[in-house]
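Below, each chain spelled out in residue letters.
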Amino acid sequence: FRSHPVGEYSSIFCPNAAARLNVPIAKGKVLFETGIGYEMKGFGSITSFLKDNRTGKNEYDSKTQYHYLKIPLLVSYRLLKKDNGTLWLGAGMDYGFMMYATVSEMRSSYTGNKLDYKNKYTYHPKSALLPSDSYLPLTNTAALYKFDPTVKLQLTYWWDQRYFIQLFHEYSLYDHNI
């Protein structure tokens, strides 16, 4: 995500869960992977700026969460095989379909060090199906899409052919301007 020049953005912990189907090909040295999963993406931000009279400040502390249904189409190559485990390197596409999005904001205003008010807001941002959809408002709001295809690179370690731990990086093919 790209950020506006004001404010600080930070990652938040985002859980993932999936049911995977791995189909071995090429004598078990290559796997085709598909399935269905849940993925949450998100970030936190804090933005602070001076009031017009320069005697105080306004702060916005927000948390944004996007909830996706994901369908991977990946191919993995076996790098290492031991008695109790196997290391795989995989790459491919992961297709995301946004189920819903939520933004929670805490807005505070101060005069000097005195708190004038503090309000909490929660809303669901508008989104379009694809970047070509023209009904998104032409304002300084996020470009948010219901369909989010990503290129995925992953490193997976399987043990006992049942359990695995996975490190991965995804890169969205759509630019999310935040």
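Before reading on, note that the structure itself is shown above.
Bear in mind that the values here come from a model prediction, so they are computed numbers and not experimental data.

A. Quick look at the packing of aromatic side chains. One pass over the structure, following the stated rule, counts five aromatic pairs. Where tryptophan 159 meets tyrosine 163, the ring centres are 6.3 Å apart and the plane angle is 35°; that geometry is what we call tilted. Under the relative-accessibility criterion, tyrosine 163 is labelled partly exposed at 43%. Within the aromatic cluster, the residues linked to one another by ring pairs are Tyr95, Phe97 and Phe147. If you follow lysine 41 out to its NZ or CZ, it ends over the ring of tyrosine 68, 5.0 Å from the centre. Over the aromatic face of tyrosine 68 sits the side chain of lysine 70, whose NZ or CZ is 5.9 Å from the ring centroid.

B. Region of interest: the pairing of strand β3 (residues 30–50). As judged from the four bridges shared by strand β1 (residues 8–11) and β3, these two strands associate in the antiparallel manner. Pairing of serine 11 across the sheet is with phenylalanine 43, part of β3. Across ten bridges, the pairing between strand β2 (residues 16–25) and β3 is antiparallel. Bridging across to β3, leucine 21 finds its partner in threonine 34.

C. Representation of the side chain of aspartate 94. Along the chain, the position of aspartate 94 falls in strand β5 (residues 85–111). Among the polar contacts made by the side chain of aspartate 94, one reaches the side chain of lysine 152 at a distance of 3.4 Å. Leave out the neighbours within four places in its chain, and aspartate 94 touches Lys70, Ile71, Pro72, Asp148, Pro149, Thr150, Lys152 and Glu170.

What counts and what doesn't
Residues numbered from 1 in each chain as written. Predicted model: local features only at pLDDT ≥ 70, side-chain atom pairs only at ≥ 80, totals over all residues. Heavy atoms only, no water. Phe/Tyr/Trp six-rings, centres within 6.5 Å; stacked < 30°, edge-to-face > 60°. Buried < 20%, exposed > 50% of the residue type's maximum accessible area, 1.4 Å probe, protein only. Lys NZ or Arg CZ within 6 Å of the ring centre and 35° of its normal. Pairing = 2+ DSSP bridges. Helix = DSSP H or I, 4+ residues; strand = E, 2+ residues; numbered from the N terminus. Polar contact = N/O pair within 3.5 Å; in protein donor to acceptor, adjacent residues only side chain to side chain. Contact = heavy atoms within 4.5 Å.

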